[in-house]
Amino acid sequence: MESREEISYVIQQEAIEIDHMLMGPLGFTVDQLMELAGLSVASAIGEVINGYEWNQQCTHEKAAVIISVDIPSGWHVEEEDICGEGIEPDMLVSLTAPKLCAKMFRVPHHFLGGRFVPRSIIDKFKLKLPSYPGTSMCVRIGNLPQTNLSAQKAIFAASVSLEVEEDPIDQFQKWFGDALAAGIKKPHYMVLSTAGKDAKPSSRMISLEGVNKDGFVWHTNYGSRKAREISENPHASLLFYWGPLKCQVRVEGSVEQVSDEESDRYFSSLPRDT
C-alpha cells in the first residue's frame, strides 16, 4: 500500500502524450492495452471481494457497487465533479498513472493498474509509481477502509434480540451475513469438536464449505482422526467465533457422511499435489 503523497499524478496533456507513446513508438495495440486494463480491474475487484471489504448494511439485500476505471464518469481529468453531474463510485482503478482528479477521490478503494508501464515513459514524465507485489496486476493506493465495529455490534445485538428466525439455519445464515458485513476476516473458519468411543474430546480448526436446510457441510480425509471419531460416535459440535463482534455461535448435532457423488466432486476438484 502506497501513500498518495509518494505517487505521481498526471495532468490531461501528460495522459494524452503517454497514450500516444504507448500506441505509437512503443507498439502497443488498443486490444493489448484493453486486455491489460481488464486484468488490472479484475485483480482489484478480486482483492476487495476476497477481503470482504465492502461496507454493506446488515441485510441480505446487496446494493449495486459502482466501479470507475481511470476517471469517474462526469469528472474532469484534472478536477473532480465540477458540474455536479458526475458519479460517485465505490471504487476507482487508475491505469498507467493516476490522473490528477484521483486526488479528490475520497473512497478508500483506490487501486493502480499499470505494471506494464515501460521505463522510457517513467523516465520521460518523471513518474513515481508504487511497486507491485509478486505478479499482481494492481496495487492499492491510500488506506484500507475502517469498519465501524461499534455500529456493527449494535446492529448485530439488535438482530439477535429482536429478529430471531424460527428456523435455526435461517438464523445462522443471517448472522453469517452480519459477520461478512462487519468485515470479519474468514468468518467461515470454525472449531470442530469430536470424541471417539473413549469419550476423549478433540478439537481443530476447519473451514465451513456450505450450509443448507440439511445442516453444515465440511470436508475431511476419511482416514483422519476426526473421521475415525465420528464413525465411532456420530455426534459433534461446531463453534464460530467472531471476535470483533464479541459473538460466538455454537452448533451441536449428529453427523452423517455426504453422498458418494458429492464426495467425489469435491475430491476431483482438489489439486493433484494436495
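So, how was this worked out
- Residues numbered from 1 in each chain as written.
- Predicted model: local features only at pLDDT ≥ 70, side-chain atom pairs only at ≥ 80, totals over all residues.
- Heavy atoms only, no water.
- Buried < 20%, exposed > 50% of the residue type's maximum accessible area, 1.4 Å probe, protein only.
- Helix = DSSP H or I, 4+ residues; strand = E, 2+ residues; numbered from the N terminus.
- Pairing = 2+ DSSP bridges.
- Axes fitted to C-alpha atoms, helices over the stretch in contact; angles between N-to-C directions.
- Contact = heavy atoms within 4.5 Å.
- Salt bridge = Lys/Arg side-chain N within 4 Å of Asp/Glu carboxyl O.
- pLDDT = per-residue confidence, 0-100.

Enquirer: Help me out: how do you make sense of the pairing of strand S9 (residues 235-242) in this one?
Expert: One face of the sheet, then the other: side chains in a regular strand alternate in exactly this way. In S9, alternate side chains face the same way, and those of Ala236, Leu238, Phe240 and Trp242 are buried while those of His235, Ser237, Leu239 and Tyr241 on the opposite face are not. Taken together, the eight bridges between S9 and strand S10 (residues 247-254) define a ladder with antiparallel strand orientation. Counterpart to Phe240 in the pairing with S10 is Val249. Linking two consecutive strands that pair antiparallel, namely S9 and S10, is a turn of four residues; a positive phi of about 55 degrees is found at Lys246 within it.

Enquirer: I'm lost on unusual backbone geometry in this one. Help?
Expert: Excluding glycine, residues mostly carry a negative phi; peptide bonds, for their part, are mostly trans. In this model, Lys126 sits at a positive phi of 50 degrees, which is unusual for a non-glycine residue. Residue classification places Lys126 among the exposed positions, given a relative accessible area of 68%. Here Lys186, not a glycine, exhibits a phi torsion of approximately 50 degrees, which is positive. Here Lys186 is to be found in the loop between helix H5 (168-181) and strand S5 (189-195). The class for Lys186 is partly exposed, based on a relative accessible area of 47%.

Enquirer: How should the sheet that holds S9 be read in this particular structure?
Expert: To summarise the sheet geometry, strands pair through backbone hydrogen bonds and adopt either a parallel or an antiparallel arrangement. Spatially, S6-S5-S9-S10 is the arrangement adopted by the four strands of the open sheet, whose pairing is antiparallel. This sheet does not close on itself; its edge strands, each paired only once, are strand S6 (201-207) and S10. Across the sheet, the mean angle separating the axes of adjacent strands is 20 degrees when strand polarity is ignored. As defined by bridge partners, S5 adjoins S9 across three bridges and the pair is classed as antiparallel. Looking at the pairing, Leu192 lines up with Leu238 of S9. Here H5 sits on the sheet and contacts S9 and S10; the angle it forms with S9, its principal contact strand, is near 30 degrees.

Enquirer: Could you clarify how one ought to interpret the sheet that holds strand S4 (residues 139-141) in this entry?
Expert: Taken in spatial order, the four strands line up as S1-S2-S3-S4 in an open sheet, and their pairing is mixed. Two strands close off the open sheet at either side, each with one partner strand: strand S1 (67-69) and S4. Strand-to-strand, the axes of this sheet are offset by a mean angle of 25 degrees, without reference to chain direction. The sheet contact formed by strand S3 (residues 110-113) and S4 spans three bridges and is antiparallel. Within S4, the position partnered with Leu112 by the bridge is Val139.

Enquirer: In this structure, what is going on with the pattern of salt bridges? I would like to understand it.
Expert: Oppositely charged side chains are able to pair whenever their charged atoms sit close together. Under the defined criterion, the tally for this structure stands at seven salt bridges. Between Arg204 and Glu229 there is a salt bridge whose closest N-O contact spans 3.8 Å. Taken together, the residues span a long stretch of sequence, with Arg204 in strand S6 and Glu229 in helix H6 (residues 225-232) at a distance of 25 residues. Accessibility expressed as a relative area gives 18% for Arg204, which makes it buried. With a relative accessible area of 2%, Glu229 lands in the buried category. The network of salt bridges with common partners includes Arg204, Arg225 and Glu229.

Enquirer: Would you mind going over the confidence of the model for the chain with me for this structure?
Expert: Low pLDDT marks regions whose predicted coordinates should not be analysed in detail. Per-residue confidence for the chain gives a mean pLDDT of 81, with 81% of residues at or over 70. Here residues 52-62 is modelled with pLDDT under 50, and outside its nearest four sequence neighbours on either side it reaches 31 contacts, counting other chains as well.

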